[in-house]
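# Chain and residue survey
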Amino acid sequence: MATHTITLIPGDGIGPEVTNAVLRILAASGVSIEWERHDAGVTAFERTGRALPATLIESIRRNKVALKGPVTTPIAEGFTSVNVGLRKSLDLYANLRPVWNLPGVPSRFGGVDLVIVRENTEDLYAGLEHEVVPGVVESLKIITERASTRIAEFAFTHARRHKRQTVTAIHKANIMKLSDGLFLECARAVARAYPDIRYDEKIVDAACMHLVMDPGKFDVLVMPNLYGDIVSDLCAGLVGGLGVVGAANLGTDIAVFEAVHGSAPDIAGKGLANPTALLLSAVLMLRHIDEGQAADRVMQALGRVLDEGLARTRDLGGTTSTLGFADAVCQSMPT
């Protein structure tokens, strides 16, 4: 059995708790992993003065794969986003977030099965802003042909590989005719090379309306960075919330898998957090490192626990602790 060396970023807030729960489940799945632990965010900043230490970046570059718990980003002050920093420094240009219903998890819609593909390196979300004069702040929206083309290619390649039927480009080119217009031009050019995949376009506000009315209309959605941040959270709400959706940040040869929810400092240390989001991210990681059988075992165990109500954390209406939920998944693991 091959042993994988993977960088581990437990995060802060509830991060260490959900991370420990997921590590327990991964060990029970039979996969062999050697973890290189590194701090980021508040924990690293307090110790080293840097929220994103160079040793962490070096570890991820060396190992090519990382699993990351939630990290606090201060609002309107303090250090810049660790997530943005990781994506920029490692050129993790694609954010992949599959969204589907989990058994036994209450949601407003059934049969949801869609994929958000979000450009991860530019646009307004990159945080390029400055104060022009006191009381006037300017934020720069950068859209490039290179980034738009490669995220469109990622979306169409993913659709073909996973037998998806449609790729929808999300935009606001009716108003931002140059920037979002360039994004659409690139998406259209890529679409012509994939005649087997249907291509269409939706203005972002209309897309949000259609998503909350009938998400079954969508398959793969590709979009610039800021829209992707908003729409992906909206889609998580369709299936039960951020606690039941996983995510991956992917580059050419490096991948960071992370929970999409926040660090929830108000419940940190209380054993109340649901580890499912990070677990689903870890499942994406297992498939990425060609450990598909282990991924299948984890999904079968998680599905049984949720479907049969063997354990439910507080957010799912139960009283099971974080590690208690992990133990229930481990006990349900098929041999």
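Summary of the structure given here. Because the structure is predicted, anything quoted here is derived from the model rather than measured.

Helices and strands together make up the secondary structure of the chain, namely 11 helices and 12 strands. Against the 2.2 N^0.38 benchmark of 20 Å for 335 residues, the chain shows a C-alpha radius of gyration of 20 Å, consistent with a compact globule. A principal-axis box enclosing the C-alpha atoms of the chain has dimensions of 55 × 45 × 40 Å. Within the span of the chain, comprising 335 residues, buried residues form 54% of the whole. Sequence separation of 24 or more characterises 74% of the internal contacts of the chain that already satisfy a separation of 6 or more. Of the roughly 14,700 Å² of accessible surface on the chain, a fraction of 53% belongs to carbon and sulfur atoms. Here the chain contributes 33 positive and 38 negative side-chain charges, whose respective centroids are spaced 3 Å apart.

This next bit is on the nonpolar core. If you look at the biggest cluster of nonpolar residues, it comprises 93 residues, and the most contacted ones within it are Leu26, Leu67, Leu114, Val117, Phe257, Met285 and Leu286. Top contributing element to this core by residue count: helix α9 (residues 276-288), with 9 residues. Those residues in contact with valine 117 that sit more than four places away from it in its chain are Asn95, Leu96, Ile151, Phe154, Ala155, Val220, Leu221, Val222 and Met223. Formed by 15 residues, the second largest nonpolar core is a distinct cluster that contains Ile9, Ala51, Leu52 and Val71.

Now for the pattern of salt bridges. Enumeration over the complete set of coordinates arrives at 19 salt bridges. Notably, a salt bridge pairs aspartate 180 with lysine 141, separated by 2.8 Å at the nearest N-O pair. Within this pair, whereas aspartate 180 is found in helix α6 (residues 179-191), its partner lysine 141 is found in the loop between β7 (136-139) and α5 (145-161), the two being separated by 39 residues in sequence. The residues aspartate 180 and lysine 141 share a single accessibility class, namely buried. Here glutamate 308 ties to arginine 304 by a salt bridge, and the two come within 3.4 Å at their closest N and O atoms.

With that settled, consider the packing of aromatic side chains. For any pair of aromatic rings, the description rests on two quantities: the centre-to-centre distance and the angle between the ring planes. Tallying each qualifying case throughout the model produces 3 aromatic pairs. On the numbers, 6.3 Å between centres and 85° between planes, the contact of tyrosine 93 with phenylalanine 154 is edge-to-face. Of this pair, tyrosine 93 sits in the loop between α4 (82-90) and β4 (94-100) while phenylalanine 154 sits in helix α5; the two residues are 61 residues apart in sequence, bridging distant segments of the chain. Residue tyrosine 93 shares its accessibility class with phenylalanine 154, and that shared class is buried. Through a chain of ring-to-ring contacts, three or more aromatic side chains come together here, namely Phe156, Tyr194 and Tyr199. Taking the ring centre of tyrosine 125 as reference, the NZ or CZ of arginine 118 above it sits at 4.5 Å.

So, about the environment of threonine 322. Structurally, threonine 322 can be placed in helix α11 (residues 322-331). Along the chain, threonine 322 and leucine 52 lie 270 residues apart, while their C-alpha atoms are 27 Å from each other. Residue contacts for threonine 322: discarding those within four places in its chain leaves Glu17, Val18, Ala21, Gly271, Leu272, Ala273 and Pro275.

Cut-off values and rules
- Residues numbered from 1 in each chain as written.
- Predicted model: local features only at pLDDT ≥ 70, side-chain atom pairs only at ≥ 80, totals over all residues.
- Heavy atoms only, no water.
- Helix = DSSP H or I, 4+ residues; strand = E, 2+ residues; numbered from the N terminus.
- Rg over C-alpha atoms; globule rule 2.2 N^0.38 Å.
- Buried < 20%, exposed > 50% of the residue type's maximum accessible area, 1.4 Å probe, protein only.
- Contact = heavy atoms within 4.5 Å.
- Areas by Shrake-Rupley, 256 points an atom, 1.4 Å probe, with all protein chains shown as cover.
- Lys, Arg positive; Asp, Glu negative; His and termini not counted.
- Charge placed at Lys NZ, Arg CZ, Asp CG, Glu CD.
- Core = buried A, V, L, I, M, F, W, Y, C linked by side-chain atoms within 4.5 Å.
- Salt bridge = Lys/Arg side-chain N within 4 Å of Asp/Glu carboxyl O.
- Phe/Tyr/Trp six-rings, centres within 6.5 Å; stacked < 30°, edge-to-face > 60°.
- Lys NZ or Arg CZ within 6 Å of the ring centre and 35° of its normal.

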